[in-house]
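Chains, contacts and geometry: an overview
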Amino acid sequence: MPPPPGRPQQPRGYRPEPPPMSGGPELMTHHSYEEPDGYDDVQPDADGKPVLTPEQRKKRRWKIIRRVGYGFVGVFFVLPAIAFVITYFLVDVPSPTEVAQNQSQAVTYLYADGSPMGKDVPRGGNRVLLTPEQIPDVMKHAAIATEDDSFETNSGFDVGGLLRAVFNQATGGTGGGSTISQQYIKKATDNDAPTLTRKWTELAKSFKMNQTYEKKDIITAYLNIIYFGRGAYGVGAASQAFFHKDAKDLSFSEAALLAGLIQQPGRSENPKVAQDRWNTALDRMVKNNYISAADRAAAQFPTPIPLEDSKQQAGAPPAFVVQQVKDELAAHDIPEDRYYSGGFQVQTTIDPKAQQAAEQAATDAMKGQVDDNLLNALVAVDPKTGGVLAYYGGKPIVQVNGQDQAGRDWADTPQNPGSSMKPFDLTAFLKMGKGLDAKFDGSNNRTFDGRVVRNAGPGSSCSQQCTVAEAMERSANTVFYDMVLNQTHQEPVKDAAREAGVKTKNDDGGQSIISTKDNNISLGGGETQITPLDMASAYATFAANGEQRARHFVLKVTNGQNEVAYEAATDGKSAFDSDSDKSRQIAGNVTEALKPVIGFSKLKCPAGHECAGKTGTQQHTKVAGEPSWAANANSQTWMVGYTPSVSVAAWVGGDGNKPLHGKNNSPIYGSTIAGPMWQKFLSLYLTGKPGERFDKVDRIGGEVPPPSSDVATTTDATPTNENPDGGDQGGDGNGDDNGHGHNQSSSQSSTPKHTKTPTSKETPTKTDEPEN
């Protein structure tokens with residue numbers, strides 16, 4: 001049927017919309033809004049929004065709360081729990097034993113005879129690791145009560161404690177929420193960064209540790225690494241530092257004081273703080289039923305031993321010995337990061353009698369001296385092993401502007417050796433096949449290349465037919481300057497010193513410097529500077545009949561498991577020639593030349609002991625503003641000598657080019673302070689030991705032709721002294737050792753004269769008398 005006129009035709013199945021009705025929008029809203037849970041009968045308001053009844057509003061409100069609650073649980077519980085589980089499996093918690101091994105531990109030092117020398121405590125302080133059985137229950141209980149009273153039951157962290165910590169921080173209060181397990185992790189990993197990441201990881205590790213280890217192991221590990229004050233890490237060290245007893249012997253009252261100090265170790269010497277912390281610990285021990293109220297009432301405050309006694313009891317090896325040991329071990333695969341982690345025990349080469357003798361001799365040498373610039377050092381080496389028997393480098397702590405500062409090790413500081421260098425001149429000469437009977441012009445004021453070389457005084461000069469043996473006894477500068485300049489030359493002298501045992505910076509990784517750029521080397525001046533340690537070691541090679549042994553401070557090192565970690569080799573090697581007999585003969589000839597020096601220098605060998613040695617002096621270079629007496633002052637003095645069983649280098653000098661004086665402002669020489677110091681050491685050390693004599697050897701070479709009559713071209717002259725500014729420092733003779741002979745081309749002159757030549761700050765000594 002066609003549609004009526006005026007109406008469009010609709011497709012089949014079309015159903016027209018009903019006509020609008022009054023209230024239609026409300027009905028449409030009503031029909032399109034479907035609300036579950038009893039909201040179907042909600043009536044719309046004039047704007048078409050549903051009008052809820054009180055019951056409906058209550059249901060809707062709880063629905064929102066539920067959804068927020070689900071979100072809160074998801075964000076603050078479910079996700080963190082998932083993250084915590086993931087972290088739990090990712091973190092690595094080292095066992096208490098592994099952590100203990102990685103913690104810094106004191107290194108125990110022994111003398112050569114096995115007696116205790118002391119402990120080298122790391123910067124973190126002294127640590128002694130104990131087993132659970134070595135820590136008494138009273139100490140464990142005191143720590144638990146004071147630091148974490150829920151330790152026995154918590155799983156590594158305490159939720160209540162965490163909430164208290166958050167509240168305290170939010171309100172400006174104090175007090176953390178860390179458990180003993182968390183504190184252990186913090187100390188064991190040495191990580192105290194105030195970050196959420198660190199805290200989160202710490203919680204996971206702490207929880208995992210409690211799932212992995214027993215409580216007794218955790219509290220033991222904690223008490224082994226926590227700091228108590230007085231430089232003591234761990235209860236083993238603390239019990240000694242505070243009460244001079246082993247941890248196993250602590251009373252509950254002493255344990256309470258130590259546990260209380262964990263919170264404020266830096267104030268352990270404050271009596272009020274210590275008393276308050278002790279009371280707090282005891283009160284908490286009563287609360288946790290670790291002690292009875294009656295015990296608490298009867299407890300007496302355990303007064304710690306005086307701090308000074310604590311320091312003395314703890315003991316420490318000589319600081320400069322420790323540094324030498326560290327350097328030696330670092331060269332043998334025990335660097336400092338291992339040094340403090342292995343529980344090492346170091347048996348040194350230091351002889352307790354020798355060390356005591358060195359310290360006494362060095363101290364006595366300075367008694368009555370009024371020059372504050374005077375310094376001294378003494379080193380003794382065993383020629384048969386190369387082991388250092390005694391080592392005194394000066395005071396380890398010095399006062400600077402009223403403040404304590406670390407002292408300098410003068411035993412390992414290079415200085416001009418002066419005439420104590422001459423035995424190396426002689427060694428180079430002997431290696432050429434020439435001997436002690438060779439003759440030189442030993443007269444005073446000889447000129448070389450336009451430069452005058454002087455002897456120390458009338459007693460230091462000899463004739464124009466002076467043998468090398470006599471020249472060594474008198475310490476005639478002109479002979480040795482000539483010997484090196486015109487016969488051996490400088491490089492072989494340097495070689496001889498290194499072969500004997502001097503360790504140079506550029507060649508051997510040592511401290512000493514041997515310069516061959518001019519002839520100052522012949523008299524131990526200029527840029528040539530050698531340490532007392534090197535001098536004692538090098539002269540030991542002469543005492544050992546030409547067998548050079550590496551100097552060392554360590555006999556043996558054992559680790560925490562009593563396994564040998566390092567042991568020094570004492571094998572010798574032929575020093576001056578590949579033929580050991582030849583090397584022996586050279587060393588024996590040097591000894592033969594040095595034996596008369598002792599008496600000539602007015603020194604004595606210990607009764608029954610044969611000895612040999614050489615003095616040395618370096619002149620001060622006067623600078624503007626110094627008093628007139630400084631022109632005749634010396635800056636470095638030596639006595640180096642040996643018996644068959646010990647080589648000793650004694651040095652008395654200043655820090656650089658300083659004018660030094662003895663009593664009554666008199667100049668000092670190798671024989672005036674250093675010599676007696678050397679002599680006293682030998683007397684103290686060798687008392688009671690069997691007498692000894694040097695082996696006899698054949699003399700090397702025969703007589704050599706006398707020098708040319710033109711002494712200006714064949715002999716030495718005492719080099720002129722000159723200050724760094726180039727001003728002439730003219731001078732009379734040098735004290736036995738001396739100045740610098742400067743080797744530079746210039747017009748020769750047969751007339752003795754002073755010439756201006758470049759020199760280092762150290763210049764030849766000027767004296768009016770021979771070195772004695």
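Once a new chain begins, its residue numbering starts again from 1 and follows that chain's sequence as written. Given that this is a predicted model, residues contribute local features only at a pLDDT of at least 70 and side-chain atom pairs are listed and counted only at 80 or more, while totals for whole chains, interfaces and linings are drawn from all residues. The side-chain figures draw on all heavy atoms in the structure; neither hydrogens nor water molecules are used.

Bringing the packing of helix α17 (residues 422–431) against helix α23 (residues 580–600) into the picture now. Two numbers describe how α17 lies on α23: the axes approach to 10 Å, and their chain directions differ by 135 degrees. The angle between the axes of α17 and α23 places the two elements in the oblique class. Crossing of α17 over α23 shows right-handed handedness. Contacts between α17 and α23 involve Pro423, Leu426, Thr427, Leu430 and Lys431 from the first element and Ile586, Asn589, Val590, Ala593 and Leu594 from the second. Each residue gets one label: Ala, Val, Leu, Ile, Met, Phe, Trp, Tyr, Cys and Pro are nonpolar, Asp, Glu, Lys and Arg are charged, and the others, such as Gly, are polar. Broken down by class, the residue content of the contact of α17 with α23 amounts to 7 nonpolar, 2 polar and 1 charged. Lines fitted to C-alpha atoms define the axes here, with helix axes fitted over just the stretch in contact, and angles between the N-to-C directions of these axes take values from 0 to 180 degrees. Labels follow the DSSP assignment, with helices taken as runs of H or I lasting at least four residues and strands as runs of E lasting at least two, numbered in each case from the N terminus. What sets the label is the angle itself: under 35 degrees gives roughly parallel, over 145 gives roughly antiparallel, 65 to 115 gives roughly perpendicular, and the rest give oblique. Should the near helix be turned anticlockwise from the far one by less than a right angle, the crossing is termed left-handed; should it be turned clockwise, right-handed. In what follows, residue pairs with any heavy atoms lying within 4.5 Å of each other are defined as contacts.

In this section: the packing of aromatic side chains. Ring pairs shown here join Phe, Tyr and Trp side chains whose ring centres sit within 6.5 Å, with only the six-membered ring taken for Trp; geometry is labelled stacked below 30 degrees between planes, edge-to-face above 60, and tilted in between. For the coordinates displayed, the defined rule picks out 15 aromatic pairs. Plain terms: the ring middles of Tyr227 and Tyr233 are 4.6 Å apart, the flat faces sit at 35 degrees to each other, and that makes the pair tilted. On the basis of an interplanar angle of 25 degrees and a centroid distance of 5.8 Å, the ring pair of Phe542 and Phe576 is categorised as stacked. In this pair, Phe542 is assigned in helix α22 (residues 532–543) and Phe576 in the loop between β20 (573–574) and α23, connecting sequence segments 34 residues apart.

Our focus in this paragraph is α22. A helix is expected to span 1.5 Å multiplied by its residue count minus one. Under the 1.5 Å per step criterion, the end-to-end length of α22 is 16 Å for 12 residues, consistent within 8% with the ideal 16 Å. The buried label applies to any residue whose accessible area, calculated with a 1.4 Å probe on protein chains only, is under 20% of its type's maximum; exposed applies above 50%, and partly exposed to all values in between. Counted residue by residue, α22 has 12 buried out of 12 residues, so it is predominantly covered. Burial in α22 covers these residues: Pro532, Leu533, Asp534, Met535, Ala536, Ser537, Ala538, Tyr539, Ala540, Thr541, Phe542 and Ala543. One or two residues past the end of α22 sits Asn545, with phi positive at roughly 60 degrees.

Think of pLDDT as the predictor's per-residue confidence, scored from 0 to 100. With 72% of its residues at a pLDDT of 70 or more, the protein has an overall mean of 80. A low-confidence stretch, residues 22–34 (pLDDT under 50), is modelled with 6 contacts involving residues beyond four sequence positions or located in other chains. Every residue in residues 704–772 is under pLDDT 50, and counting partners more than four places away or in other chains gives 282 contacts.

The next thing to look at is the state of the cysteines. The term disulfide is used for any two cysteine sulfur atoms that are within 2.5 Å. Under the defined criterion, the tally for this structure stands at 2 disulfides. Through a disulfide, Cys605 is tied to Cys611; the S-S separation comes to 1.7 Å. Here Cys605 and Cys611 share a disulfide; its torsion about the S-S bond, -85 degrees, makes the bridge left-handed. According to the relative accessible area criterion, Cys605 is partly exposed, its value standing at 28%. Assigning the bonded cysteines of the protein consecutive numbers by sequence position, one obtains the connectivity 1-2, 3-4.

To continue, consider the sheet that holds strand β4 (residues 116–120). Neighbouring strands of a sheet are bound in pairs by backbone hydrogen bonds; such pairs are parallel or else antiparallel. Two strands form a pair only when DSSP identifies at least two bridges running between them. Taking strand neighbours across the sheet as the criterion, the 5 strands line up as β4-β3-β8-β18-β19 in an open arrangement whose pairing is mixed. A single partner strand is all that each edge strand has here, and the edge strands are β4 and β19 (564–567). In this sheet, adjacent strand axes meet at a mean angle of 20 degrees when their direction is disregarded. Where helix α14 (residues 319–330) meets the sheet, it contacts β3 (107–110), β4, β8 (345–348), β18 (554–558) and β19, and its direction lies at approximately 70 degrees from that of β18.

Attention shifts here to the sheet that holds strand β5 (residues 126–127). Strand order across the open sheet formed by 3 strands is β5-β7-β6, with mixed pairing between neighbours. In the strand order of this sheet, the two ends are held by β5 and β6 (227–229), each with one partner. Two strands pair when backbone bridges link them, and β5 and strand β7 (residues 232–233) are joined in this way by 2 bridges, in the parallel orientation. Paired with Arg127 across the bridge in β7 is Tyr233.

Turning our attention to the environment of Ala362. By the secondary structure assignment, Ala362 is in helix α16 (residues 352–365). With 32 residues separating them along the chain, Ala362 and Gly394 place their C-alpha atoms 8.3 Å apart. Excluding its chain neighbours within four sequence positions, the residues that come into contact with Ala362 are Asn376, Tyr392 and Met677.

The next subject is the packing of helix α10 (residues 252–261) against helix α11 (residues 271–287). For the pair α10 and α11, the least separation of the axes is 8 Å and the interaxial angle reads 110 degrees. Considered as vectors, α10 and α11 are oriented roughly perpendicular to each other. Classified by chirality, the crossing of α11 by α10 is right-handed. Residues Phe252, Ser253, Ala256, Leu257, Gly260 and Leu261 of α10 lie in contact with α11, whose contacting residues are Ala274, Arg277, Trp278, Ala281, Leu282 and Met285. By residue class, the composition of the contact of α10 with α11 is 9 nonpolar, 2 polar and 1 charged.

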